[in-house]
Amino acid sequence: ACTIIMSVLISLGGLSSQAAEAKQTSLDSRIFETFKKIDGRTSTHEVDANRIRERLGGISERIDDLNAKLAEIDEPDENLAAKRHREIRGELIELSAEYLNNAFKLVDAAAQVISANLSDLAVLADEVRKSGDPRGSVEKLKTRVSNNVAAGKSMRRALVELKGWAHQDPEIAGRFNSLKR
């Protein structure tokens, strides 16, 4: 009878360790999938951001060309010179608006990626917290995720503040190296 009880206890202990192992494997795969999703989203954003940066570079070159043309206007007729100045300034204003539009798209896209990544990490943190890992690594992971979430929120706040500055002072975009950082 004692042998049977011992066998049942060992079997139950083996089942609970298998369940814990299965839960950990499921959690590990969920962590892997989340970070794979974040990496894919970030990579896609970088491709899109590079396209926008190329457009910004082209617009900057066109603005420089127009500024050079504006400086070179040497028309003897003042009316023609004034007309040419207005035309070039109109083109400069249009290009500046296009530049700012693309710069804001770049900042908004970065903010959206950061927000989506933080959301995924928050969901993952909840899953890890609920997993009940007996080894205590959940607390370490929770701390790391919280620190990363705080860093991401800080980056998002900085991007939003930068966007606000750019709205207030359009010339600020040039100071940030065309937002290429």
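Residue indices begin from 1 for each chain and proceed along its sequence in written order. Only residues with pLDDT of at least 70 get local features here, since the model is predicted, and only at 80 or more are side-chain atom pairs given and counted; chain-wide, interface and lining totals rely on the full set of residues. Water and hydrogen atoms were dropped before computing side-chain values, which therefore reflect all heavy atoms in the structure.

Visitor: Is there a simple way to explain the overall build of the protein chain in this structure?
Guide: Only DSSP runs of H or I with at least four residues qualify as helices, and only runs of E with at least two residues qualify as strands; both kinds are numbered from the N terminus onward. Scanning the protein chain from terminus to terminus reveals 4 helices and 0 strands. In sequence order, the secondary structure elements of the protein chain are arranged as α-α-α-α. Burial status across the protein chain gives 26% buried among its 181 residues. Throughout, a residue-residue contact means that at least one pair of heavy atoms, one from each residue, lies within 4.5 Å. Within the protein chain, contacts between residues separated by at least 24 positions form 75% of all contacts whose residues are at least 6 apart in sequence. For every accessible area listed, the method is Shrake-Rupley and the probe measures 1.4 Å; residues are considered covered only by the protein chains on display. Carbon and sulfur atoms make up 55% of the accessible area of the protein chain, which amounts to about 12,500 Å² in all. Relative accessibility under 20% of the residue-type maximum defines a buried residue, over 50% an exposed one, and the middle range a partly exposed one, all with a 1.4 Å probe and only protein chains included.

Visitor: Sorry if this is basic, but what is going on with the pattern of salt bridges here?
Guide: Close approach of charged atoms lets side chains of opposite charge pair. The working definition used for a salt bridge is a side-chain nitrogen of Lys or Arg within 4 Å of a carboxyl oxygen of Asp or Glu. Considering all chains together, one arrives at 7 salt bridges under this definition. With a closest N to O distance of 2.8 Å, D120 and R41 form a salt bridge. Here D120, found in helix α2 (residues 78-131), pairs with R41, found in helix α1 (residues 2-72); they are 79 residues apart in sequence, far enough to count as distant. The exposure class assigned to D120 is buried, which follows from its relative accessible area of 14%.

Visitor: Looking at this structure, how should I read the nonpolar core?
Guide: What tends to happen in soluble globular proteins is that the nonpolar side chains get buried as a cluster. Counting residues in hydrophobic clusters, the biggest one holds 13 residues, and the most contacted among them are L56 and L92. Looking at this core, the element that brings in the most residues is α1, giving 7 residues. Sequence-distant contacts of L92, that is, excluding residues within four places in its chain, are made with I63, L66, N67 and L70. Here, the term nonpolar core denotes a set of buried Ala, Val, Leu, Ile, Met, Phe, Trp, Tyr and Cys residues that are joined through side-chain atoms within 4.5 Å. By size, the runner-up hydrophobic cluster in this structure holds 10 residues, among which are I38, A110, L118 and L159.

Visitor: How should α2 be read in this particular structure?
Guide: Residue pairs spaced three or four apart in an α-helix point in one direction, given the helix's 3.6 residues per turn. Over its 54 residues, α2 runs 79 Å from end to end, which matches the ideal 80 Å to within 8%, given 1.5 Å per residue. Here a polar contact is taken to be a pair of N or O atoms separated by no more than 3.5 Å, where protein atoms must pair a possible hydrogen donor with a possible acceptor and residues adjacent in sequence count only if both atoms sit in side chains. Capping the start of α2, D77 holds a side-chain oxygen 3.2 Å from the backbone nitrogen of N79, two or three residues further along. Working rule for helices: expected span equals 1.5 Å times residues minus one.

Visitor: Please explain the side chain of N117 as it appears in this structure.
Guide: Tracing the chain through its elements places N117 in helix α2. Those residues in contact with N117, other than ones at most four positions away along the chain, are I38, R41 and T42.

Visitor: Explain a negative patch on the surface here, please?
Guide: Judged by side-chain charge, D74, E75, D77 and E78 come together as a negatively charged surface patch. If you trace the backbone, D74 turns up in the loop between α1 and α2. Residue classification places D74 among the exposed residues on the basis of a relative accessible area of 72%. Note on patches: the residues involved have over 30% relative accessible area and no salt bridge, like charges join within 9 Å, and the nonpolar side chains Val, Leu, Ile, Met, Phe, Trp and Tyr join within 5 Å. By the counting rule applied here, Lys and Arg register as positive and Asp and Glu as negative, while His and the ends of each chain are not counted. Charged side chains are reduced to one point each, which is NZ for Lys, CZ for Arg, CG for Asp and CD for Glu.

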